[in-house]
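# Summary of the model geometry
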Amino acid sequence: MGAETAPLLESGDPHEGKQQHNSCAVIAERWWVLVLCCLMASLQGGIWNTWGPIAPTVAPVYNMSSNEIALLANWGPICYFIFVIPSSWMLDVAGLRFAMIITMLLIFVGSGIRMFDVHKPSSARYFFHAGQFLNGLAGPVAMSAPPVVSATFFDVHHRTTATSIMAMSNYAGVAATFLIGPLLIRDRGDSTSAKVEHKREDELFLYFLGSTVLAGFTLLCVLIYFPKRPRFAPSISAGTDREPIWKGFQQLIRHKSFWLCGISYGIMTGVYSGWGAFLAPNLEGFMSKPRAQNVASWLGFWATIAGCVGGVGSGLLSDMLGGKMRNILLVLCLLSAGFYLAFAFTCIGLIPFSDYVLFATCIAGGLVLNGTIPLFYEVAVEATYPVAEGSTTCLLTTMNNLGCL
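Reading guide: rules and limits
- Residues numbered from 1 in each chain as written.
- Predicted model: local features only at pLDDT ≥ 70, side-chain atom pairs only at ≥ 80, totals over all residues.
- Heavy atoms only, no water.
- Helix = DSSP H or I, 4+ residues; strand = E, 2+ residues; numbered from the N terminus.
- Buried < 20%, exposed > 50% of the residue type's maximum accessible area, 1.4 Å probe, protein only.
- Areas by Shrake-Rupley, 256 points an atom, 1.4 Å probe, with all protein chains shown as cover.
- Expected span 1.5 Å × (residues − 1).
- Phe/Tyr/Trp six-rings, centres within 6.5 Å; stacked < 30°, edge-to-face > 60°.
- Core = buried A, V, L, I, M, F, W, Y, C linked by side-chain atoms within 4.5 Å.
- Contact = heavy atoms within 4.5 Å.
- Bend = angle between axes of the 7 residues up to and from the residue.
- pLDDT = per-residue confidence, 0-100.
- Salt bridge = Lys/Arg side-chain N within 4 Å of Asp/Glu carboxyl O.

Here we come to the overall build of the protein. The helix and strand tally for the protein stands at 17 helices and zero strands. Burial status across the protein gives 54% buried among its 405 residues. Here the protein has roughly 17300 Å² of accessible surface; of this, 69% comes from carbon and sulfur atoms.

This is the structure in structure tokens:
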């Protein structure tokens, strides 16, 4: 650990000025990389969660059942299983630049294809599914890249923080859809009116256009400059060779500690992700459809925003305390179980129903549950070193998608 944490640029070097310049270059480069990775993860998460928050308003226009709405969300975990091995290869062998270009192409094309025939409900649904499928293929890199980026570009004192920032970006994109979707595509009452249906189709087109433009801008930035690796290694471990990809997977399959971590992560975060994506239809059993969409939008938005704060906060806390990740993780798991148990009791009437209780338990639960995500990543990567980070996190996040299904 002493060698790992020792300064890479010694102050007594005769070329101190040049080294300080190089240090500044490293800092600027790694934050540029992190910003682009965060944009990618946010877009992928936001496009995946497009349909849940607007389902009560849009479903009647396109004659989509609740099962079809669920399938649009489930393309994410389904495609994850299809593309997880190629994604692991891209992250660990081909390199981050190649992985980012392929992932952003999938997100860009997937977002754009949804605009085709949006004013023709009979055929538009096929393009909706195609877009969600392509965006789902981008999921493994979007969810598994955080530890790879932090290990490649960041020193040990900032690694968990960097992991948490990027990991929470995917959830920030999800949070944005809970707010932006219902604001753009509003409930105007009579869904059978031709005028209202046409208005909703126009709003949906603009929604898709906005995400496509942002995806295109991010792809352009990646093409202009996104290095495969930093010019100067941020730590000794960043330059250490990892296990070959297939050997790494073999070790992971036999690693008991990894499976304990992975199963815990999958049950907690996977079920939570699937439940959140289908929150509006779930709440229709307790309130009217228009109110369910409104309440679900604000619940999802604030719970996910709180989760982003909790995730980054847990990363910062872990970096400051050092060596306390497992203790922090255990406390967060217990707290999240308590908050969501209270939420369930409120819905079924064991606790007197109140919007205040509903929001308080859901937001607090999101805060602590999402706070576990970067810690699960780092605990898994630490336990399985020197298996490559991409292999470890791709298999770890597969557990999340199993839980989501």
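Okay, helix 14 (residues 325-348) next. Taking 1.5 Å per residue as the helical rise, helix 14 with its 24 residues ought to reach 34 Å, and the 35 Å between its terminal C-alpha atoms agrees with that figure. Residues of helix 14 that are buried include every one of M325, I328, L329, L332, S336, Y340, F343, T346 and C347, and no others. With its phi angle positive at about 95 degrees, G349 sits one or two positions after the end of helix 14.

Scanning the model with the defined rule gives twelve aromatic pairs in all. Seen in terms of ring centroids, Y207 and F208 are 6.3 Å apart; in terms of plane orientation they differ by 15 degrees. Their pairing is stacked. Taking relative accessible area as the criterion, F208 reaches 0% and is therefore assigned buried. Each ring, one from Y265 and one from Y377, has its centre 5.9 Å from the other, and the planes form 50 degrees; the classification is tilted. Of this pair, Y265 sits in helix 11 (residues 256-277) while Y377 sits in helix 16 (residues 373-384); the two residues are 112 residues apart in sequence, bridging distant segments of the chain. Each member of the pair Y265 and Y377 is classed as buried.

What follows is about the nonpolar core. Counting residues in hydrophobic clusters, the biggest one holds 77 residues, and the most contacted among them are M104 and V149. Non-local contacts of V149, meaning those with residues more than four positions away in its chain, are made with V33, L34, C37, L96, F154 and M166. Counting 18 residues, the second-largest nonpolar core is a separate cluster that includes W51, V58, L204 and Y207.

Our next topic: unusual backbone geometry. Backbone geometry places N63, a non-glycine residue, at a positive phi of 55 degrees. Looking at the secondary structure, you find N63 in the loop between helix 3 (55-62) and helix 4 (66-94). The backbone of D117 shows a phi angle near 55 degrees, a positive value even though the residue is not glycine. Secondary-structure assignment places D117 in the loop between helix 5 (96-113) and helix 6 (121-137). When its relative accessible area of 30% is taken as the criterion, D117 is described as partly exposed.

Glancing now at the side chain of S111. Within the secondary structure, S111 sits in helix 5. You can call S111 buried: its relative accessible area is 0%. In this structure, S111 is in contact with I47, F208, S211 and T212, ignoring residues within four places of it in sequence.

Here helix 4 spans 40 Å end to end across 29 residues, near enough to the 42 Å set by a 1.5 Å rise per residue. By the largest-angle criterion, F83 marks the main kink of helix 4, which is about 55 degrees, and a proline, P86, follows within four residues. G95 lies just past helix 4 and shows a positive phi near 105 degrees.

Looking now at the confidence of the model for the protein. This prediction gives the protein a mean pLDDT of 79; 83% of its residues lie at or above 70. Mean pLDDT across the elements of the protein bottoms out in helix 1 (residues 2-5) (42) and peaks in helix 5 (94). Note on residues 1-22: pLDDT under 50 across the span, and 17 contacts to partners over four residues away in sequence or across chains.

Time to look at the pattern of salt bridges. Under the counting rule described, the total for this entry stands at one salt bridge. Two residues, E68 and R125, come together in a salt bridge whose shortest N-O distance is 2.7 Å. With E68 in helix 4 and R125 in helix 6, this residue pair connects regions lying 57 residues apart in the sequence. Taking the relative accessible area as the measure of exposure, E68 reaches 12% and is therefore buried. The exposure class assigned to R125 is partly exposed, which follows from its relative accessible area of 25%.

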